[in-house]
Amino acid sequence: MSALVARWLALPPNLRGILWVAISGVLFALLNVFTLIPAQHLNPYVMAFLRYFFGALFLVPIVMRLGLYRSLHTRRLPLHISRGAIHTAGMMLWFVALPLTTLAEITALGFTGPIFVTIGAALFLAEKVRLRRWMAVIVGFIGAMIIIRPGFGDIHLGVICVLISTPIFSASNLISKALARTDSSTTIVIWQNIVIVACALPFALWFWQTPLWGDIVWFLLAGLAGTLGHICQQRGYQLADITLLQPIGFLSLIWNTMLGYFLFFQKPDVWTFVGAAVIFASALYISHREAVRRAQIRTAAAKASPEA
């Protein structure tokens with residue numbers, strides 16, 4: 001075992017980050033499968049609460065091993081609370097969409113995240129977004145329209161919820177990336193679970209539906225897959241630049257499509273894949289331009305420093 005650990009640690013950090021995120025994609029695809037079955041009859045508020053309540057159970061051994069102080073200690077508690085509240089809203093919308101659309105479609109529309117991040121940076125952070133990035137944003141929306149095909153098919157509630165939840169999850173992921181600079185992946189995931197359970201509990205109690213015993217099994221599996229998935233994702237964020245990790249997200253479309261087809265007989269049409277490819281190309285270019293912009297800022301700062 002120690003030899004395997006040594007080999008793993010000998011890999012370049014960027015490669016380890018990519019592998020961690022690739023593993024998280026498989027785990028999140030399994031999470032979708034495990035939650036899709038109870039989502040057929042439980043409301044999304046109860047779903048969001050139970051998903052993270054059972055996920056928290058798998059964090060208890062980690063907290064016991066590390067100790068309460070080491071597990072929860074952070075100097076950025078307001079940021080953790082903000083992220084958890086934001087993620088709760090996205091999760092509830094996601095669970096509304098889950099039983100209404102295919103796993104492939106919900107994943108493909110999720111690729112629009114970087115597009116919304118670019119728009120948010122321009123509108124709320126006064127960031128200068130140049131023509132090439134705006135063109136990439138337009139291309140990304142064209143990809144989303146290819147999937148939705150307004151006028152040719154029904155734009156149902158599931159699609160609307162995915163499109164609303166995607167920028168919410170993007171904001172959560174950006175905060176998570178910022179937190180990864182100072183806090184461990186375990187601390188980030190523990191605070192995420194605590195805040196989401198606390199935020200979802202009042203809604204779950206108001207709309208309470210008692211789950212079946214079979215649902216408990218699915219939530220246990222979902223809690224395990226989701227908790228491990230978030231830990232893997234956070235470790236990937238700590239090791240590699242998000243620009244390098246962006247292409248790995250496209251693999252999730254493959255996993256979700258295969259699982260949806262073989263387990264639930266979901267047959268996404270060819271336009272889902274065409275639109276997903278267009279969105280992915282747009283998101284990849286936006287991430288590339290963001291990396292170039294950050295490199296230019298670092299270079300300018302280095303030249304301006306007194307030591308230069």
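Before any of the text, the structure's been laid out above.
Keep in mind that what you see is a predicted model, and the values were worked out from it rather than measured.

A. Quick look at the overall build of the protein. Helix and strand content of the protein: 15 helices and zero strands. The buried share of the protein, reckoned over its 308 residues, is 46%. Nonlocal contacts in the protein, meaning residues at least 24 apart in sequence, comprise 89% of its contacts between residues at least 6 apart.

B. Examining the environment of Asn-173 more closely. Relative to the helices and strands, Asn-173 resides in helix H10 (residues 157-179). The exposure class assigned to Asn-173 is partly exposed, which follows from its relative accessible area of 22%. Separated by 86 residues in the primary sequence, Asn-173 and His-87 place their C-alpha atoms 8.9 Å from one another.

C. Spatial organisation of the environment of Gly-229. Looking at the secondary structure, you find Gly-229 in helix H12 (residues 213-239). With 202 residues separating them in the primary sequence, Gly-229 and Leu-27 have C-alpha atoms 5.2 Å apart. If sequence neighbours within four positions are ignored, Gly-229 has contacts with Ser-24, Leu-27 and Phe-28.

D. Looking closely at the nonpolar core. By size, the foremost hydrophobic cluster in this structure holds 45 residues, and its most contacted members are Leu-50, Leu-98 and Leu-109. Those residues in contact with Leu-109, other than ones at most four positions away along the chain, are Ala-144, Ile-147, Ile-148, Val-159, Val-162, Leu-163 and Thr-166. The next biggest cluster of nonpolar side chains, apart from the first, holds six residues, and it includes Leu-59, Val-189, Ile-190 and Ile-231.

E. Just unusual backbone geometry, in detail. You will see that Phe-265, though not glycine, has its phi angle at about 60°, which is positive. Turning to its location among the elements, Phe-265 is positioned in the loop between helix H14 (251-264) and helix H15 (270-304).

F. How the structure looks around the packing of aromatic side chains. In total, this model carries eight aromatic pairs according to the counting rule given. Ring geometry for Phe-54 and Phe-219: centres 6.1 Å apart, planes at 10°, overall stacked. With Phe-54 in helix H3 (residues 44-57) and Phe-219 in helix H12, this residue pair connects regions lying 165 residues apart in the sequence. For the pair formed by Phe-54 and Phe-219, the shared burial category is buried. A centroid spacing of 5.2 Å and a plane angle of 85° characterise the contact between Tyr-261 and Phe-262, whose relative ring orientation is edge-to-face. On the basis of relative accessibility, which here comes to 39%, the residue Tyr-261 falls in the partly exposed class. Linked through ring pairs, Phe-49, Phe-53, Phe-54 and Phe-219 together constitute an aromatic cluster. A cation sits over an aromatic face here: Arg-51 above Tyr-52, 3.9 Å from the ring centre.

G. Spotlight on helix H7 (residues 103-110). With seven of eight residues buried, H7 is to be regarded as a mostly interior element. Among all positions of H7, only Leu-103, Ala-104, Glu-105, Ile-106, Thr-107, Ala-108 and Leu-109 are buried.

H. Focus on the environment of Gly-17. Mapped onto the elements of the fold, Gly-17 is located in helix H2 (residues 13-36). With a relative accessible area of 0%, Gly-17 lands in the buried category. Separated by 219 residues in sequence, Gly-17 and Gly-236 have C-alpha atoms that sit 3.8 Å apart.

I. The arrangement of the packing of H2 against H12 in detail. Viewed as axis vectors pointing N to C, H2 and H12 meet at an angle of 160°, and their least axial separation amounts to 7 Å. The pairing of H2 with H12 is recorded here as roughly antiparallel in orientation. Regarding H2 and H12, the two cross each other, and that crossing is left-handed. The residue makeup of the contact of H2 with H12, split by class, is 16 nonpolar, nine polar and two charged.

J. Local environment of a nonpolar patch on the surface. A cluster of nonpolar side chains, Phe-53, Leu-57, Phe-58, Leu-220, Leu-224 and Leu-228, forms an exposed patch at the surface whose accessible area comes to about 460 Å². Looking at the nonpolar patch, the elements that each hand over two or more residues are H3 and H12. Broken down by element, the nonpolar patch gets its largest block of residues, three residues, from H12. Summarising the element assignment, Leu-228 is placed in helix H12.

K. The arrangement of the side chain of His-80 in detail. Here His-80 is to be found in helix H6 (residues 77-97). The residues touching His-80, leaving out its near neighbours within four places in the chain, are Thr-74, Leu-179, Asp-183, Thr-187, Ile-188, Trp-191 and Val-195.

L. Just the packing of H10 against H12, in detail. Contact geometry of H10 with H12 gives a least axis separation of 9 Å together with a crossing angle of 60°. Viewed along their axes, H10 and H12 adopt a mutual orientation that is oblique. Where H10 crosses over H12, the two elements pack in a sense that is right-handed. Along its contact with H10, which presents Asn-173, Ser-176 and Lys-177, the element H12 presents Gln-233, Gln-234 and Tyr-237.

Rules of the game
- Residues numbered from 1 in each chain as written.
- Predicted model: local features only at pLDDT ≥ 70, side-chain atom pairs only at ≥ 80, totals over all residues.
- Heavy atoms only, no water.
- Helix = DSSP H or I, 4+ residues; strand = E, 2+ residues; numbered from the N terminus.
- Buried < 20%, exposed > 50% of the residue type's maximum accessible area, 1.4 Å probe, protein only.
- Contact = heavy atoms within 4.5 Å.
- Core = buried A, V, L, I, M, F, W, Y, C linked by side-chain atoms within 4.5 Å.
- Phe/Tyr/Trp six-rings, centres within 6.5 Å; stacked < 30°, edge-to-face > 60°.
- Lys NZ or Arg CZ within 6 Å of the ring centre and 35° of its normal.
- Axes fitted to C-alpha atoms, helices over the stretch in contact; angles between N-to-C directions.
- Parallel < 35°, antiparallel > 145°, perpendicular 65-115°, else oblique.
- Left-handed = near helix turned anticlockwise from the far one by under 90°.
- Nonpolar A, V, L, I, M, F, W, Y, C, P; charged D, E, K, R; others polar.
- Patch = residues over 30% accessible without salt bridge, like charges linked within 9 Å, V, L, I, M, F, W, Y side chains within 5 Å.
- Areas by Shrake-Rupley, 256 points an atom, 1.4 Å probe, with all protein chains shown as cover.
- Salt bridge = Lys/Arg side-chain N within 4 Å of Asp/Glu carboxyl O.

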